[in-house]
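Okay, here's what each chain looks like letter by letter:
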Amino acid sequence: EKEMMAAKNNFERERFNFMSSLASIESRKKYEFLEAISTTMEAHLRYFKQGYEILSEMEPYIQHVLSFTQVSKEAAQKERLELDERMAQYLEE
């Protein structure tokens, strides 16, 4: 009977140890997942914030390039129209 009680006590102790290990694993899965997600989100936030700040500093230059591009486009269209007119005049002669 002593052996039976010792075996039962050992079984119960091991069962509680096993359940404690499972609970610990479940708990760790929750916070490790949340930690990984929040770390990733923070990295994305910093990346895009830094990109926004850099582009904000470049905004005047970007506007300058856009206006230069528009002027160049209009000049090219004007030159093409003039060339088309000259070609038409030449063909009429």
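Everything here concerns the structure above.
Residues numbered from 1 in each chain as written. Predicted model: local features only at pLDDT ≥ 70, side-chain atom pairs only at ≥ 80, totals over all residues. Heavy atoms only, no water.

1. Section: the pattern of salt bridges
Logical step 1: What the rule picks out here adds up to three salt bridges.
Logical step 2: Across the pair Glu26 and Lys29 runs a salt bridge, and its minimum N-O distance is 3.0 Å. In this pair, Glu26 and Lys29 both sit in helix α1 (residues 2-92), three residues apart, roughly one turn of the helix.
Logical step 3: Judged by relative accessible area, which is 47%, Lys29 ranks as partly exposed.
Logical step 4: The shortest N-O distance in the salt bridge between Glu42 and Arg46 comes to 3.0 Å. Here Glu42 and its partner Arg46 are both found in helix α1, four residues apart, which amounts to about one turn of the helix.
Logical step 5: By relative accessible area, which is 55% here, Arg46 ends up exposed. (Salt bridge = Lys/Arg side-chain N within 4 Å of Asp/Glu carboxyl O. Helix = DSSP H or I, 4+ residues; strand = E, 2+ residues; numbered from the N terminus. Buried < 20%, exposed > 50% of the residue type's maximum accessible area, 1.4 Å probe, protein only.)

2. Observations concerning a nonpolar patch on the surface
Logical step 1: Taken together, Ile54, Leu55, Met58, Tyr61, Ile62, Val65 and Leu66 make up a surface patch of nonpolar side chains, about 630 Å² in accessible area.
Logical step 2: Along the chain, Met58 turns up in helix α1. (Patch = residues over 30% accessible without salt bridge, like charges linked within 9 Å, V, L, I, M, F, W, Y side chains within 5 Å. Areas by Shrake-Rupley, 256 points an atom, 1.4 Å probe, with all protein chains shown as cover.)

3. Examining a negative patch on the surface
Logical step 1: A cluster of like negative charges, contributed by Glu79, Glu82, Asp84 and Glu85, occupies part of the molecular surface.
Logical step 2: With respect to the secondary-structure elements, Glu85 resides in helix α1. (Lys, Arg positive; Asp, Glu negative; His and termini not counted. Charge placed at Lys NZ, Arg CZ, Asp CG, Glu CD.)

4. Digging into the packing of aromatic side chains
Logical step 1: Across all of its chains, the model carries one aromatic pair by this definition.
Logical step 2: On the numbers, 5.1 Å between centres and 75 degrees between planes, the contact of Tyr47 with Phe48 is edge-to-face. Comparing Tyr47 with Phe48, the two get one shared label, exposed. (Phe/Tyr/Trp six-rings, centres within 6.5 Å; stacked < 30°, edge-to-face > 60°.)

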